[in-house]
Amino acid sequence: MRISKTLFVTLKEEPADAEVRSHALMVRAGFIQQIAAGIYVYGPLMWRVLKKVEQIVREEHDKAGCQELLMPALQPRELWEESGRWDRYVQEKILYHFEDGRGREVCLGPTHEEVITNFVKGKLTSYKQLPQTLYQIQTKFRDEMRPRFGLMRGREFVMKDAYSFDADAEGMAESYAVLRDVYRSIFTRCGLRFTPVEADPGAIGGSGSEEFMVDADTGEDAIAVCHATGYAANVEKAASRIPPPPAIPAEVPMHKEPTPDAKSCEDLRALFPDLPLERMLKTILYRAVWTDREQTVAVMCRGDRELNVVKLTNHLDALAVELADERLVKEATGADVGFAGPIGLKKDVLLLADSSVEGVQGFLCGGNETDTHYLDVWFGRDLEQPPTHDFGLVQAGDQTLDGEGTIEITRGIEVGHIFQLGTKYSEAMGCSFADENGKLQPFHMGCYGIGVSRTAAAAIEQGHDESGMIWPLPIAPFHAMIIQMRAGDEAQDALAQELHDQLHAAGVDVLWDDRKLGAGAKFKDADLVGIPLRVVVGRDAADRKVEWKPRVGGETEVISADDVLPRIRAALEEAGVQIG
RNA sequence: CGGGGUGUACCUCAGUGGUAGAGGGGUAGCUUUGGGAGCUACCAGUCGAGGGUUCGAAUCCCUCCACCCCGACCA
């Protein structure tokens, strides 16, 4: 393809509103254009990338026996009432929903468990048909509170979603394992470095889930990994061995101390330098919301540890749990923010504690009175120890649960998430099959998602330098680029044309820069769009000599024009890319 | 949803009460030709929207909207 005949428009200047590299580079290179917050046009080059990712996704799913279909983006409210998710998704303001012309309520699908379950109902009717996995690649709609980072978190994005149907939990686990392998193959074939991690299933529900994280410092997700044991989990889910409780001090009666303006553990350390952080117990107030009620929840936690709202939300089985605002804190404690404690809380506040408080005695805690804390507080003597549970956030340096290794915190971009749903949707929506005895049983389902557009962005996040993008060969918009130095030079025109035609005929995706531009501009553009294999047709064209100039990792080399195709073939083969 | 910021040409931005600007970009010409070359001419804006103050508003005031950032939240 000749650049002069394509929509190839690059910008010299960085877009002002792009925070992450992938976003800035995609805009500069003309891959995407923003239409509104979190809504983008995918330009021709971007679309080529997306199609390549989609193709890899398709091939790997099909190879594993999955079947592709296409479901509607527009979905009726009734379906979502059946699964019981309408309220939660509306509450979380993630669902685009509106009335149609006749007053019927519909939504734009953020995910498709309801539709797929409804679709197989009456079609998958016998155990003899199982297992089956169906998938689609489609645009999803989610009204993200804060879309950001370009394609990383959009309100409309391309997603592959798959759903498995099995007769029982064992079957579901097998289908899940198959898909997990499919996912590994997909991201490996895309040329990405990634880490599969244990995850929290969130609003989707179900028992087990794993996320596939592309390793990148700019990722939105923090993950806890241990190289010694191989443990890897999203910090939302991760558990670790809590450092042992502090030594128990001599028993003295509880006493109240004035602590003016000491609202944090740090402030308190300045006041009581001899008291270890481990013997300061924080009490954090939250507002938990369910469909039909809400409650203030106070959670105690050791001063050297942090709380994990996701674990708390799951424990409470709440729709949402958020930090209490100033007003609510005052209402529950009677004090300003920073002085909450377990003693003397308002009666309707639910008091819980993180496991880290177990075994702590003689501690400091808030006095529920502005500028006041209690010291030398003992569980059992001064108050009952509240029910404890693991609500803790894993920290770098923690021991793994088995004590065999040390956890470190890294960052990643979530490009895939797989779930074992169990019978949540099949039961809620009355979707069942006949087993060997002719008895009706609900399906055991799994669901599996890949953010296709996010995967493309993650590839740039992982592969770029100061000059531009560096695409992995399997998902690059073009495999190879011919950079012709002087358009109009007879020898160069002829050789570039010959090479272009030869490569094209061989099935190589080749982009030919035939523009009448200075050499500098062409090299800058070539670096920016990051096509991995490059050939410069220049001053030696008359001798059928060209320069082999890969985007990265190779010295420029003068080679015969006849060696170009073999070289490209070799590079493609090495990257596992089939052509022709 | 709370806090902060920004809206002026296709892009990046300057312009604090008196004729709407620069650079990039595009077009034409000349020159140049291996890492975003030079010169000349031209193209390009309801100054986010509405209201107010003023002889006069991009500029001051009010309301709204959009976008970006931080937080909260989030497959």
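Residues numbered from 1 in each chain as written. Chains lettered and ligands numbered in written order. Predicted model: local features only at pLDDT ≥ 70, side-chain atom pairs only at ≥ 80, totals over all residues. Heavy atoms only, no water.

For the rest of this paragraph, the subject is the overall build of chain A. A tally of helices and strands in chain A yields 14 helices and 33 strands. C-alpha atoms of chain A, sized along the principal axes, occupy 95 × 65 × 50 Å. Nonlocal contacts in chain A, meaning residues at least 24 apart in sequence, comprise 70% of its contacts between residues at least 6 apart. Split by element, the accessible area of chain A, about 25,900 Å² in all, is 49% carbon and sulfur. Measuring between centres, the 64 positive side-chain charges of chain A sit 5 Å from its 93 negative side-chain charges. (Helix = DSSP H or I, 4+ residues; strand = E, 2+ residues; numbered from the N terminus. Contact = heavy atoms within 4.5 Å. Areas by Shrake-Rupley, 256 points an atom, 1.4 Å probe, with all protein chains shown as cover. Lys, Arg positive; Asp, Glu negative; His and termini not counted. Charge placed at Lys NZ, Arg CZ, Asp CG, Glu CD.)

The environment of RNA strand B is formed by 40 residues, the closest being R142, R146, R153, D527 and E547. Each atom of RNA strand B within 4 Å of the protein was assigned to sugar, phosphate or base; sugar and phosphate come to 49%. Note that a base oxygen of RNA strand B is positioned 2.8 Å from one of the side-chain N or O atoms of R28. Side-chain polar atom of R142 to a base nitrogen of RNA strand B: 2.4 Å apart, as the coordinates give it. Taken together, the elements giving at least two residues each to the surface near RNA strand B come down to strand 1 (32–36), strand 8 (156–166), strand 23 (408–422) and helix 13 (519–529). The element contributing the most residues to the surface near RNA strand B is helix 13, with 7 residues. (Near = heavy atom within 4 Å. Polar contact = N/O pair within 3.5 Å; in protein donor to acceptor, adjacent residues only side chain to side chain.)

The next subject is the packing of helix 2 (residues 44–63) against helix 6 (residues 169–189). For the pair helix 2 and helix 6, the least separation of the axes is 9 Å and the interaxial angle reads 145°. The two elements helix 2 and helix 6 meet at a crossing, and its hand is right-handed. Across the interface between the two elements, I56, V57, E59, E60 and H61 from helix 2 touch L179, V182, Y183, S185, I186 and R189 from helix 6. The residue inventory of the contact of helix 2 with helix 6, partitioned by class, reads 6 nonpolar, 2 polar and 3 charged. (Axes fitted to C-alpha atoms, helices over the stretch in contact; angles between N-to-C directions. Left-handed = near helix turned anticlockwise from the far one by under 90°. Nonpolar A, V, L, I, M, F, W, Y, C, P; charged D, E, K, R; others polar.)

All right, on to the sheet that holds strand 31 (residues 533–537) then. Read from one edge of the open sheet, 5 strands run 30-29-31-32-33, paired in mixed fashion. One side of each edge strand has no neighbouring strand; the edge strands of this open sheet are strand 30 (510–513) and strand 33 (557–560). The sheet shows a mean angle of 30° between the axes of neighbouring strands, taken without regard to direction. Looking at chain direction, strand 32 (residues 545–548) and strand 33 are connected through 4 bridges and run antiparallel. (Pairing = 2+ DSSP bridges.)

Here the focus is the domain arrangement of chain A. Frequently, the measure chosen for interface size is the accessible area removed from exposure when the parts meet. With domains assigned, chain A is organised as domain 1 (16–193 + 421–460), domain 2 (255–391) and domain 3 (478–574). The straight-line distance from the C-alpha centre of domain 1 to that of domain 3 is 39 Å. Opposite the 7 residues of domain 1 that make contact, domain 3 presents 5 residues. Of the roughly 560 Å² buried between domain 1 and domain 3, counting both surfaces, carbon and sulfur atoms make up 64%. If you sort the residues of domain 1 by the area they bury against domain 3, L45, R48 and K52 come out on top, with a joint share of 60%. Along the contact surface separating domain 1 from domain 3 lie 2 salt bridges. Salt-bridge contacts for K52 lead to D509; the nearest nitrogen and oxygen are separated by 2.6 Å. (Domains from an automatic or database assignment. Buried area = accessible area lost by both parts, 1.4 Å probe. Salt bridge = Lys/Arg side-chain N within 4 Å of Asp/Glu carboxyl O.)

A cluster of like negative charges, contributed by D168, E170, E174 and E436, occupies part of the molecular surface. With respect to the element layout, E436 can be found in the loop between strand 24 (432–434) and strand 25 (440–442). (Patch = residues over 30% accessible without salt bridge, like charges linked within 9 Å, V, L, I, M, F, W, Y side chains within 5 Å.)

Before going further, it helps to examine the pattern of salt bridges. Summed over the entire model, instances satisfying the criterion amount to 42 salt bridges. Close ionic contact of R28 with E14 constitutes a salt bridge, the shortest N to O distance being 3.9 Å. Here E14 lies in the segment before helix 1 (21–28) and R28 lies in helix 1, a separation of 14 residues in the sequence. E14 gets classed as partly exposed once you look at its relative accessible area, which sits at 40%. In this structure, the salt-bridge partner of R515 is D525, at a minimum N-O distance of 3.0 Å. With R515 in the loop between strand 30 and helix 13 and D525 in helix 13, this residue pair connects regions lying 10 residues apart in the sequence. Given a relative accessible area of 15%, R515 falls into the buried group. For D525, a relative accessible area of 10% translates into the label buried. Residues participating in the shared-partner salt-bridge network are E59, E60, K63 and R189. (Buried < 20%, exposed > 50% of the residue type's maximum accessible area, 1.4 Å probe, protein only.)

Within the element layout of this structure, S83 appears in helix 3 (residues 77–83). At 2.5 Å, the side chain of S83 and the side chain of E114 are in polar contact. Once residues lying within four places of it in the same chain are set aside, the contact partners of S83 are E114, Y425, A428 and M429.

Time to look at the nonpolar core. By size, the foremost hydrophobic cluster in this structure holds 60 residues, and its most contacted members are M26, F31, Y183, F187 and W471. Broken down by element, the residue count for this core peaks at 7 residues, all from helix 2. Residue assignment places this core across two domains, with domain 1 (16–193 + 421–460) and domain 3 (478–574) each supplying three or more. Residues contacting F187, with those up to four places away along its chain left out, are L192, F194, F212, V415, G416, I450 and T455. Judged by nonpolar contacts, the second largest core, of 26 residues, contains L69, L79, W86 and I116. (Core = buried A, V, L, I, M, F, W, Y, C linked by side-chain atoms within 4.5 Å.)

Once that is clear, we can look at the sheet that holds strand 19 (residues 363–366). Ordered by their spatial adjacency, 3 strands build an open sheet running 13-20-19, and the pairing between neighbours is antiparallel. What marks the edges here is a single partner per strand, and that holds for strand 13 (255–258) and strand 19. On average, adjacent strands in this sheet sit at an angle of 30° to one another, irrespective of strand direction. Here 4 bridges tie strand 13 to strand 20 (residues 372–377), and the two strands are oriented antiparallel to one another. Within strand 20, the position partnered with E257 by the bridge is H373.

This model, assessed by the stated rule, comprises 0 disulfides. C107 takes part in no disulfide bond, and the closest cysteine sulfur, belonging to C447, lies 16 Å away. Judged by its relative accessible area of 0%, C107 falls in the buried class. (Disulfide = S-S within 2.5 Å.)

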